[in-house]
Amino acid sequence: MTRVNPQKFIPLKTHWFHIMLSIAGGEQHGYGIMQEVLNRTTGKVRLWPATLYGSVKRLIEAGLIEESAERPAPELDDARRRYYCLTPMGRRVLDAECERLQELVRTIQEKQGRVKQGLVTE
Amino acid sequence: MNRPTPSTSSTRQSGFAWRIYRRLAQAFPHEFKLAYGADVMQLGEDVIDEIAKRHGAAGLVRLIADIAIRVPLEYLSEMRGDMRYAMRALLKSPGFALVGIISMGLGIGLTTNVYSSKWAMLFRDLPGAANAKDLVMMQQSADSDLAAVSYYYIEQFREQKSLFTGVAAFETGIPFNVTFQGNLSGKPERVFGQLVSPDYFSVLGVQPQRGRVFSATADRSGDAPFVVISDRFWRNRLNSSPNAIGQILRLNGQIATIVGITPKNFNGALAINPSELFVSITAPAALAPELANDVLHQRNAKEFLAMMCLAPGVTIESAEAGLDAITRRLDEQDSSMAKRTDQGRRVTLLPAGTSVPIPRKLKPALIGFFVALMGLVIALACMNLANMLMARGANRRKELAIRLSVGASRFRLVRQMMSEGILLSMLGGVAGFALAFGLGALNAHFRPPTTLQFETNFYLDWHAGLFAFGLAIICGVGFSLAPALQATKADLTSALKEGSALQLPGYRRIGLRNLLMVVQVAASLMLLLMTGFLVMGISKGTNIQTKFDPSTMVLLSLDPVRDGYSAEKAQGLFEKLPEHLKSTGQVRNIALAAQPPFTSEPERTSLSAEDSPGSSQVVQQVLEETVGAGYFATLNESMLAGRDFALPDERSYADASNALPAVLNESAARGFFGNGNALGKRVRDDKQTYDVVGVVRDMKDLEGLSQSIIYLPLTSRDFARPPGGGITILVRSDAGASPATDVLSAIRNEIALIDPNLNIVNMQTLRSYLDRSRAALRFSIQTYGGIGVFGLVLAAIGLAGVTAYAVAQRRKEIAIRTALGASRAQVLGLVLREGTALVGVGTLLGFLGAVGLAKVVSSLANLFADALKIGTNDPLLLVGAPSLLAAVALLACYVPARRAVKIDPLKALRDE
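Residues numbered from 1 in each chain as written. Chains lettered and ligands numbered in written order. Predicted model: local features only at pLDDT ≥ 70, side-chain atom pairs only at ≥ 80, totals over all residues. Heavy atoms only, no water.

### A word on the overall build of chain A
Step number 1: Assigned secondary structure in chain A consists of four helices and three strands.
Step number 2: Of the regular secondary structure in chain A, the N- to C-terminal order runs α-β-α-α-β-β-α.
Step number 3: Counting over 122 residues, chain A shows a buried share of 40%.
Step number 4: For chain A, the accessible area works out to roughly 7,400 Å², and carbon and sulfur atoms hold 52% of it. (Helix = DSSP H or I, 4+ residues; strand = E, 2+ residues; numbered from the N terminus. Buried < 20%, exposed > 50% of the residue type's maximum accessible area, 1.4 Å probe, protein only. Areas by Shrake-Rupley, 256 points an atom, 1.4 Å probe, with all protein chains shown as cover.)

In structure tokens, the structure reads:
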């Protein structure tokens, strides 16, 4: 199998990033992903159903996520739902995106610091 | 799925939203629905109440909008995938793809070229003219040329406010010798333009792109001369100078100031003869000989064309009736006119908002002809591709059966197969557009030698692009739908059992493929014959036979009035010019004329003869050529009766009180006087009486037509106001005396001795003049011939494909027959039999269709009648073309049929 360069997907689309971040910690179903993103972003980002599954379809086609063979414990499981998890490739892509965003934040903080010190005029 | 009983006040809203959501979820593409449909429904059900509670109606709208937008996006995504799949499939079959692209490219290219050149010329509104749809002009009669009237008549028409919002007067094809600011005394260029009344632009509804156009208030008699230039003049001759407005030009020796530039692509009314300059008729008469002799106030000076804009709610028929009554009244008031007692219509109006005003009766015939031609060409290409796709579809039958049996929807598979056809068609469309561009450039290159310029600059604009694109989509859908439906027919069991080598039902019966093949052969033959008729007609008709070597005659034109001469000085020049040129020692015969010999652009006039047999007055439409002394002797034409024109005839003065001499050709003499003697008889038009002094044989023009012609003598009037091409001088030298180049330079030197400032125009031998006209005709022949060959090639490809496929399909059957003892000849005969039947039926239908279509087109449009008449009576073509098609078609069947005899029965049966 030819190895795809993770950089091919960077920068990640916003919805893809949120979905992949949601399932980074473990498999999750669509409703769970939607709720997790809503809570994490304090209501600022809502993944609407059609958009969510459209993105899920494309993420699966891109090989970044897959339907999970494993399911949570029976008391936590919802038989109607399908669970998704990151693929190894997906994990590498997510790591690369997180690194990019962190680099961006570091650059912004550095600039703000220098402005405060009066070293750079706005 | 059951929803929990709602308990909130937004229940109704949620219920309504849920119903819409569910409907939209069903609309997703089949594959998406299979994979995620249930999840989308489940998730929607889970969140709808929460959204209603938290966000109210706005949230529900947002939920619906999300799914409503997503549905078409998923279809688009599938179509993108289909296109990628189709591209891979085409790359895997480069031969098929190439044939398909070439077929569609030729079809779309030829069709787009015909559309953008002919259709645009005939039917598209004049660019820049806002009133194009309301413009009308007068015809002399229903079948003939535009009618010229005096300016007095136009002023009377203008008074009819209930009929017209405006009536403008103009003359077109007016030559100007132009020199430019910064080089006003340099050698002039000859530029064609129009003389227009001040309201011309407002009647047409044309606004300038820069500066101003003429107006009745701003431009009056006695004002300094102004000129409006066309966009083309501004770009080509002034390099789009931003300072063009206010620049000075010298027109025919007079200073004029540029005041405005017309919109892009506007070249005046009657744009088939494009005009680059527009000069008001209020300009001084010295600026244009057409304005001399106070022409605006001469009631019988029928010099102007009337452009009328219909008033709102007025139909062309009612305007015609109203104008007819007015014209009748004005004619009766005109004492100089011969009294007309006929009660028939004197005025016919035709729509004039296009480059070429087309008579109303002719329009449907023309539209029909072009639609039929374009339709045939594109239908051929589509049929060919449909056949090829059917064969391809049949080869994939097992694959498609497997896909259908595991749950693929038929609609999805049909869409995927159609993507291949649409992609092929669009690639063909791109190739076709490039071909149309190339053909357009070639069209512009091959211009016939005419006095007036003809518009050949048919740009491929967005109209043509949209046309080509739309055609490609329609064709792609058209030729791929039937094969896709055929290939996905649900007979899964037999398809899975027998595999791809499935006998398609109906091969020995009337099936779709056989029908397509018959129609293709018929259409190919129709196209071949129709184009063959035209080619034969054009080439046979245009062989001009001169009674001398055309390379011993030199043609040149002079226009001294537009070089600044007065009328008297110009007459003096032409009187002494023959003697001067004879003094070079190179000249055997010399004559003057108002037009080049064998012209296909003569004037037309209506003549009546009072001395016709049976003492009834005969009125004929004849062509008019104006020629000088010794014209026929210069052409080495003996008079059939009477005499040639002589010098005293040139010195005559044309007025209503004395009769001028005239020469008739055979057709005209016969038309007026039957087999009786025409000499000494009189004919007249509405201005002048003529005594017939000679009869000459019919001479064909450059288009191969022999028509009734009256030859009138050149007079002082013609010298004072030379026609658009100037006065043509025909100089014939002795054969073998000197090479043409020597004669040309001797003449040039002699004219320079007379006056070095005289501008010589169009100097060439008669041979090169005839060759140039034939080159343009040859190009027409090649284009039509190419279209015919295109049809032939496509039919051959189609037939070869069908036969090759049939051989592949019947491999098992052929193998069994061979194993049981069938000879090679029997096997070949078996395969060829069906192909021969298809070709035979198609040939018969095509022949009948072509002959019928030719008759219909001829009866509707004189335009094609002559060429088609010659062509449809050509036995070589009537027998040859069907035979050629049949031979090519049978050859196309024979080559793949030979593969049948090479089938190894053991191998074939074992492979099963």
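### Focus: the overall build of chain B
Step number 1: Per the secondary structure count, chain B includes 25 helices and 22 strands.
Step number 2: Here chain B holds 912 residues, and 53% of them are scored as buried.
Step number 3: Taking the intrachain contacts of chain B between residues at least 6 apart in sequence as the baseline, contacts between residues at least 24 apart amount to 81%.
Step number 4: As presented, chain B carries roughly 39,600 Å² of accessible surface, and 58% of it is formed by carbon and sulfur atoms. (Contact = heavy atoms within 4.5 Å.)

### Observations concerning the packing of helix α4 (residues 151-158) of chain B against helix α7 (residues 316-333) of chain B
All names here are of chain B.
Step number 1: Contact geometry for α4 and α7: axes closest at 11 Å, N-to-C directions at 140 degrees. By the criterion of interaxial angle, the relationship of α4 to α7 is oblique. Classified by chirality, the crossing of α7 by α4 is right-handed. Here Tyr152, Tyr153, Gln156 and Phe157 of α4 come into contact with α7, specifically with Leu323, Ile326, Thr327, Leu330, Asp331 and Gln333.
Step number 2: For the contact of α4 with α7, a count of residues per class yields six nonpolar, three polar and one charged. (Axes fitted to C-alpha atoms, helices over the stretch in contact; angles between N-to-C directions. Parallel < 35°, antiparallel > 145°, perpendicular 65-115°, else oblique. Left-handed = near helix turned anticlockwise from the far one by under 90°. Nonpolar A, V, L, I, M, F, W, Y, C, P; charged D, E, K, R; others polar.)

### Comments concerning a nonpolar patch on the surface
Residue and element names in this part refer to chain B.
Step number 1: A surface patch of nonpolar side chains, amounting to about 360 Å² of accessible area, comprises Ile69, Leu73, Leu76 and Met79.
Step number 2: For Met79, the location among the structural elements is in helix α2 (residues 30-92).
Step number 3: The partly exposed category is assigned to Met79, whose relative accessible area is 43%. (Patch = residues over 30% accessible without salt bridge, like charges linked within 9 Å, V, L, I, M, F, W, Y side chains within 5 Å. Salt bridge = Lys/Arg side-chain N within 4 Å of Asp/Glu carboxyl O.)

### Some words on unusual backbone geometry
Step number 1: With an omega dihedral of -5 degrees, the bond running from Ile10 of chain A to Pro11 of chain A counts as a cis peptide bond.
Step number 2: Inspection of the secondary structure puts Pro11 of chain A in the segment before α1 (14-22).

### Details of the pairing of strand β20 (residues 709-713) of chain B
Residues and elements named next belong to chain B.
Step number 1: Counted residue by residue, β20 has five buried out of five residues, so it is predominantly covered.
Step number 2: Residues of β20 alternate between two faces, with Ile709, Tyr711 and Pro713 on one and Ile710 and Leu712 on the opposite face, all of them buried.
Step number 3: Examined bridge by bridge, strand β15 (residues 618-627) and β20 share five bridges and lie parallel to one another. Within the sheet, the bridge partner assigned to Leu623 lies in β20 and is Ile709.
Step number 4: Bridge count between strand β17 (residues 660-665) and β20: two bridges; the pairing is antiparallel. Looking at β20, one finds that Leu664 is bridged to Ile710. (Pairing = 2+ DSSP bridges.)

### Focus on the layout of surface pockets
Step number 1: Of the voids in this model, the second largest pocket is the one considered here, and its volume is about 540 Å³.
Step number 2: In terms of lining residues, the second largest pocket is bounded by 23 residues, among which Lys57, Arg58 and Glu61 of chain A together with Ser77 and Arg80 of chain B are the most central.
Step number 3: Only α1 and α3 (49-62) of chain A together with α2 of chain B provide two or more residues apiece to the lining of the second largest pocket.
Step number 4: It is α2 of chain B that contributes the most residues to the lining of the second largest pocket, 11 residues altogether.
Step number 5: Considering only residue class, the lining of the second largest pocket consists of six nonpolar, six polar and 11 charged. (1 Å grid on protein atoms, 1.4 Å probe; cavity = no way out; pocket = protein on both sides within 12 Å on 5 of 7 lines; lining within 4 Å. Points joined across faces, edges and corners; volume = space filled by probe spheres on them.)

### Topic: the interface of chain B and chain A
Step number 1: Taken together, the contacts link 25 residues of chain B with 21 residues of chain A.
Step number 2: Roughly 1,900 Å² is buried in total at the junction of chain B and chain A, and carbon and sulfur atoms are behind 55% of that figure.
Step number 3: Of all residues in chain B, the largest losses of buried area upon contact with chain A belong to Tyr36, Asp39 and Leu43 of chain B, amounting jointly to 30% of the total for that side.
Step number 4: Where chain B packs against chain A, one counts five salt bridges. (Buried area = accessible area lost by both parts, 1.4 Å probe.)

### Regarding the pattern of salt bridges
Residues and elements named next belong to chain B.
Step number 1: Taken as a whole and judged by the stated rule, the model has 33 salt bridges over all chains.
Step number 2: With its nearest N and O atoms 2.5 Å apart, the salt bridge here joins Asp125 to Lys133.
Step number 3: Note on Asp125: relative accessible area 31%, which makes it partly exposed.

### Quick word on the sheet that holds strand β2 (residues 65-67) of chain A
Strand pairing in a sheet relies on backbone hydrogen bonds. The paired strands run either parallel or antiparallel.
All names here are of chain A.
Step number 1: Taken together, the three strands give an open sheet; going across it, the order is β1-β3-β2, and neighbouring strands pair in antiparallel fashion. At either end of the open sheet lies a strand with only one pairing partner, and these are β1 (28-29) and β2.
Step number 2: Of the pairings in the sheet, the one linking β2 to strand β3 (residues 83-86) comprises three bridges and is antiparallel in character. Paired with Glu66 across the two strands is Cys85, which belongs to β3.

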